[in-house]
Amino acid sequence: MNVLPGLLASQYSLIYNVLSFTIASMLSSFVFFLAARQQVGAAYRPALLFSALVVGIAGYHYLRIFDSFEAAYTMVDGAYAPSGKPFNDAYRYVDWLLTVPLLLVELVAVLHLSKAVGRSMLTKLIIAAVLMIGLGYPGEAEYTNLQTRAIWGTLSSIPFVYILYVLWVQLGAQVSNQSDTVKRLLRITRVVLLATWGVYPITYLLPILGIDTQSSVVAIQTGYALADVASKCGYGLLIFFIARAKSEEDGSIPQANAHADRKSVV
Ligand SMILES: *C/C=C(C)/C=C/C=C(C)/C=C/C1=C(C)CCCC1(C)C
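Just so it is clear, the model here is predicted, and its values are computed rather than measured.

Rules of the game
- Residues numbered from 1 in each chain as written.
- Predicted model: local features only at pLDDT ≥ 70, side-chain atom pairs only at ≥ 80, totals over all residues.
- Heavy atoms only, no water.
- Helix = DSSP H or I, 4+ residues; strand = E, 2+ residues; numbered from the N terminus.
- Rg over C-alpha atoms; globule rule 2.2 N^0.38 Å.
- Buried < 20%, exposed > 50% of the residue type's maximum accessible area, 1.4 Å probe, protein only.
- Polar contact = N/O pair within 3.5 Å; in protein donor to acceptor, adjacent residues only side chain to side chain.
- Contact = heavy atoms within 4.5 Å.
- Phe/Tyr/Trp six-rings, centres within 6.5 Å; stacked < 30°, edge-to-face > 60°.
- Pairing = 2+ DSSP bridges.
- Lys, Arg positive; Asp, Glu negative; His and termini not counted.
- Salt bridge = Lys/Arg side-chain N within 4 Å of Asp/Glu carboxyl O.
- Core = buried A, V, L, I, M, F, W, Y, C linked by side-chain atoms within 4.5 Å.
- Expected span 1.5 Å × (residues − 1).
- Bend = angle between axes of the 7 residues up to and from the residue.

K.L.:
Explain the overall build of the chain to me, using residue names and the numbers behind them.
P.N.:
When helices and strands are tallied, the chain shows nine helices and two strands. Its helices and strands taken in sequence order, the chain reads α-α-β-β-α-α-α-α-α-α-α from the N to the C terminus. Against the compact-globule benchmark of 18 Å for 266 residues, the chain has a radius of gyration of 21 Å, which places it among compact chains. Reported as C-alpha extents along the three principal axes, the dimensions of the chain are approximately 70 × 45 × 25 Å. Taken over 266 residues, the chain has a buried fraction of 45%.

Have a look at this one:
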């Protein structure tokens, strides 16, 4: 819980609109991922269900974040002053605590690795994800005591680097038997994961880099929200493409070309 600084009307509107856009993205992705389950083989449907769960959980939390943000401000003389009600940062961290492990489950589920390999990899990834989020939280509410923010941020970065290591080195070694199409999609997914997950620690660092508190609040709220859209909705879409490619390859859905042929006959 945190009392935010006063904001200019333009700063307030930017956060307000980005939060609203994020809710729309999460809710529409939820419907899309559920509907898209029909377009992949049965083996890949759990991955899409996890994608839907992630955006469903995030959509709910963004509704709460939006309410909390609105309640934290009151308009005074054309600008926004803190209303005295604290802004609840914890929604975001609770959301990550649930959704980050599920995003990793999505990836392992869509690859359909052997049970033993999948389970051991997921155990490591989930423990590291929980540590990363748990260690980041105590520093998040610190806009003023920047040393505290820096210490927790550094601790949280250790499991973050470990997750990247597991995804690149260990997962990389497990996918050598997948087709070229799947390998290519997987490479794109991992780069998207790195590019979008990398936004979080950078955003977290902003107050430490000497940016004033007001701008930090704007950057943190919009940065986290847009990163969430990319890392949950965008990434989920890539997981869907992988599921579709693998379903076509193993014959659990008709090949895209065969489908086109059939259509042209009818
Ligand atoms: C859907 C939400 C996602 C993918 C959230 C990912 C969050 C992170 C990768 C957060 C990482 C952090 C650090 C590596 C250090 C500073 C503290 C965090 C928690 C922002």
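K.L.:
Residue-level account of the side chain of Ser29, with values.
P.N.:
For Ser29, the position within the fold is in helix H1 (residues 9-36). For Ser29, a relative accessible area of 12% translates into the label buried. A polar side-chain atom of Ser29 sits 2.7 Å from the main-chain carbonyl oxygen of Ser25. Contact partners of Ser29, with chain neighbours within four places excluded, come to Val55 and Cys233.

K.L.:
Outline the packing of aromatic side chains, listing residues and values.
P.N.:
To describe a pair of aromatic rings, one takes the distance between the centres and the angle between the planes. Scanning the entire structure with this criterion turns up 16 aromatic pairs. Relative to Tyr80, the ring of Tyr12 lies with its centre 3.6 Å away and its plane at 5°, an arrangement referred to as stacked. With a gap of 68 residues between them, Tyr12 in helix H1 and Tyr80 in strand S2 (residues 79-82) connect regions that are remote in the sequence. For the pair Tyr12 and Tyr80, a shared accessibility class is recorded, and that class is buried. Measuring from ring centre to ring centre gives 5.7 Å for Phe32 and Phe33, while their planes differ by 70°; the resulting arrangement is edge-to-face.

K.L.:
So what's going on with the pairing of S2? Residues and values would help.
P.N.:
Of the strand pairs in this sheet, strand S1 (residues 73-76) and S2 are connected by four bridges, and their pairing is antiparallel. In the strand pairing of S2, Thr74 is matched with Ala81. In this structure, the hairpin formed by S1 and S2 is closed by a connection of two residues, where Asp77 is found at a positive phi of approximately 55°.

K.L.:
Can you tell me about the side chain of Asp95, naming the residues and giving the values?
P.N.:
Relative to the assigned elements, Asp95 resides in helix H3 (residues 90-111). The side chain of Asp95 is buried and forms no salt bridge, while Lys232, the nearest opposite charge, is found at 4.0 Å. The contacts of Asp95, once residues within four sequence positions are left out, are Ile57, Ala58, His61 and Lys232.

K.L.:
Please provide a residue-by-residue account of the nonpolar core, values included.
P.N.:
Among the nonpolar cores identified, the biggest contains 75 residues, and Phe69, Leu104, Ile163 and Trp197 are the most heavily contacted of them. Of all the secondary structure elements, the ones that give two or more residues to this core are H1, helix H2 (45-71), H3, helix H4 (115-140), helix H5 (146-174), helix H6 (180-197), helix H7 (199-205) and helix H8 (213-249). Top element by residues in this core is H8. It accounts for 14 residues. Here Phe69 is in contact with Leu4, Leu7, Tyr12, Ile15, Tyr16, Leu19 and Phe87, once residues within four sequence places are set aside.

K.L.:
Please give an account of H5 that cites residues and values.
P.N.:
Helix length check: H5 (29 residues) gives 41 Å between terminal C-alpha atoms against 42 Å at 1.5 Å per residue, within 8%. Within H5, the axis deviates most sharply at Val166, by approximately 30°. Listing the buried residues of H5 in full gives Arg149, Gly153, Ser156, Pro159, Phe160, Ile163, Leu164, Val166, Leu167 and Leu171. For H5, the elements touching its buried residues are H3, H4, H6, H7 and H8.

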